Amino acid sequence: MFRFFSSLFLLVSLLGASTNQDILKRAEGLAGSGKTNELFRAYNDYKNLYLRSIISGDSSLKIKSLNGIVVTGKELHIDVSQYSDELKKINSHNTYKVSKSDTRSKTKTVKLEPLSRVKSVKWDGNDLVLSFDTVLKNGQIKYFVLHDSKKNRYRYVFDISSSSISKSKVLVKKGVSRIKLNQYNPKTLRLVFENREKLNLHFTVDKNDLIISLLITEKQVFNKSTLRTLPKKYNTHTNKIIVVDPGHGGKDSGAIGYRHYYEKNLVLSIAKELTQTLKKRGYKVYMTRDRDIFIKLKERTAYANRKDADLFISIHANAVCSSKAEKACGIETYFLSPSRSARATSVAELENSADLSDMNGYGKTTFLKFTTNLNRIASNKLAIDLQRGMLGNLRKHHKGVIDAGVREGPFWVLVGAQMPAVLVEVGFITNPEEAKKLVNKTYEKHLAEGIANGVESYFINN
């Protein structure tokens, strides 16, 4: 009992090292950047604040932290359904209690303000029109300009308070380097125009519409330095080594799905396509298997370690029982963790079934706890980038591609990797519609391109 209270006291002391407002302010700033690294840090800050709110019983902080977790988590394609459900339960009452600083017993009830939601974002000539579902109020929009002389960059920032958007948007306009609309914090929407040269713009409000007029000169339109172009990535990372691991193989068929498609064959085909795509982009790529042979799970990451790989990507296809086959669908990416999530555990059991190690379940769980820390954060970032890459490329060419999120799970195939390592579930082989796509060569090509785009993004962001 003494140990328990000592540990609890230590935890509370550590959490108290920085004030809640300091962390909240930092999280809001990081969340507004739009960069994956900083979004990830903001997400962890909000989770820290959520833990503090539970320990202190601070209802106001709890709502702010839950809002932050949901907003940043969705941006990162992390499964935040539990936090979202908790937030909905609180918001369903439309009020919450805020503890006063001088006493815990006295509370006051504060009404939650409804947020203005963005209905549409579109260009009308050189006017960018943001339409909201409520009338915009005086003082709701703050506009300011930032200039970074070292990087020779101008940023024109619009903060729209008491408003929200379901998903960040990157807008394109000739003559402007970058335009992004995203959720800066749970109650503030941020629109940023970024350019190397000064821009001539002004804004007006017309009831539900925010209209931003942009005057672009002929010089800006044809100045290549101001155009939104992709970096020359194909020659940037030629020294990087990637190991692609097609799951299962040989006596281990993996899941058997719709029309008796074998997981081992399907993932091998996708892995070969991915290998060729990455090689064309200048990477050095190795496959743990390039034919139908059985390889123990622990030998797969050992092979990647011997190759001194920079990344390890294991390709798999998900499966459920026949009674759930019609409904279960979606792409998801996992990184290693001794997760207690029922969903992650059930998926991991399928993928771990071929492991012939003598170690029992308790031993594996204990071992996982000591081997996940080193690359956990990097693997989480890689999972986020791969998930985004797949969804972004597939949705350009195919309808109905479902985002099942980024998750953590106890996957034995990832144990021992000395580099960022993830397991990609490319879809459900038991779902008729997804299975048909997964055996289609065109779909496989687009899927492989999406994973490769995620790899590019990971190296650029890190």
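Residues numbered from 1 in each chain as written. Predicted model: local features only at pLDDT ≥ 70, side-chain atom pairs only at ≥ 80, totals over all residues. Heavy atoms only, no water.

A. Quick peek at the overall build of the protein chain. Secondary structure summary: the protein chain contains 13 helices and 18 strands in total. When burial is assessed residue by residue, the protein chain has 48% of its 462 residues classed as buried. Long-range pairs, those at least 24 residues apart, make up 71% of the contacts in the protein chain between residues at least 6 apart in sequence. A total accessible area of about 24200 Å² is found for the protein chain, and carbon and sulfur atoms account for 51% of it. (Helix = DSSP H or I, 4+ residues; strand = E, 2+ residues; numbered from the N terminus. Buried < 20%, exposed > 50% of the residue type's maximum accessible area, 1.4 Å probe, protein only. Contact = heavy atoms within 4.5 Å. Areas by Shrake-Rupley, 256 points an atom, 1.4 Å probe, with all protein chains shown as cover.)

B. Structural context of the sheet that holds strand β3 (residues 116-124). Overall, mixed pairing links the 5 strands, which are arranged β7-β3-β4-β12-β11 in an open sheet. The open sheet has two free edges, formed respectively by β7 (163-164) and β11 (200-206), since each of these has just one partner strand. Sheet analysis places β11 next to strand β12 (residues 209-215), joined by 7 bridges and oriented antiparallel. Bridging from a neighbouring strand, Asn200 pairs with Leu215 of β12. (Pairing = 2+ DSSP bridges.)

C. Quick look at helix α8 (residues 297-306). Buried residues of α8: Leu297, Arg300, Thr301 and Ala304, and no others. Take α8 and look down its axis: the buried residues cluster within an arc of 85 degrees, on one side only. Once α8 ends, the next one or two residues include Asp308, with phi positive near 55 degrees. (Arc of directions from axis to C-beta.)

D. Summary view of the nonpolar core. Leu278, Ile313, Ile315, Val426 and Val455 are the most contacted members of the largest nonpolar core, which totals 65 residues. Top element by residues in this core is helix α13 (residues 441-461). It accounts for 8 residues. Filtering out sequence-adjacent residues up to four positions away, Val426 remains in contact with Leu266, Ile270, Ile315, His316, Ala317, Ile331, Leu438 and Leu447. Listed in part, the 23 residues of the second largest apolar core include Leu136, Phe158, Ile179 and Leu210. (Core = buried A, V, L, I, M, F, W, Y, C linked by side-chain atoms within 4.5 Å.)

E. Spotlight on the sheet that holds strand β8 (residues 169-171). Within the open sheet, the 5 strands sit side by side as β5-β6-β10-β9-β8. Their pairing is antiparallel. Edge positions in the sheet fall to β5 (141-148) and β8, since each has one partner strand and no second. Neighbour to neighbour, the strand axes of the sheet diverge by 20 degrees on average, direction disregarded. Of the strand pairs in this sheet, β5 and strand β6 (residues 153-161) are connected by 8 bridges, and their pairing is antiparallel. Among the inter-strand pairings, Phe144 is bridged to a residue of β6, identified as Val157. (Axes fitted to C-alpha atoms, helices over the stretch in contact; angles between N-to-C directions.)

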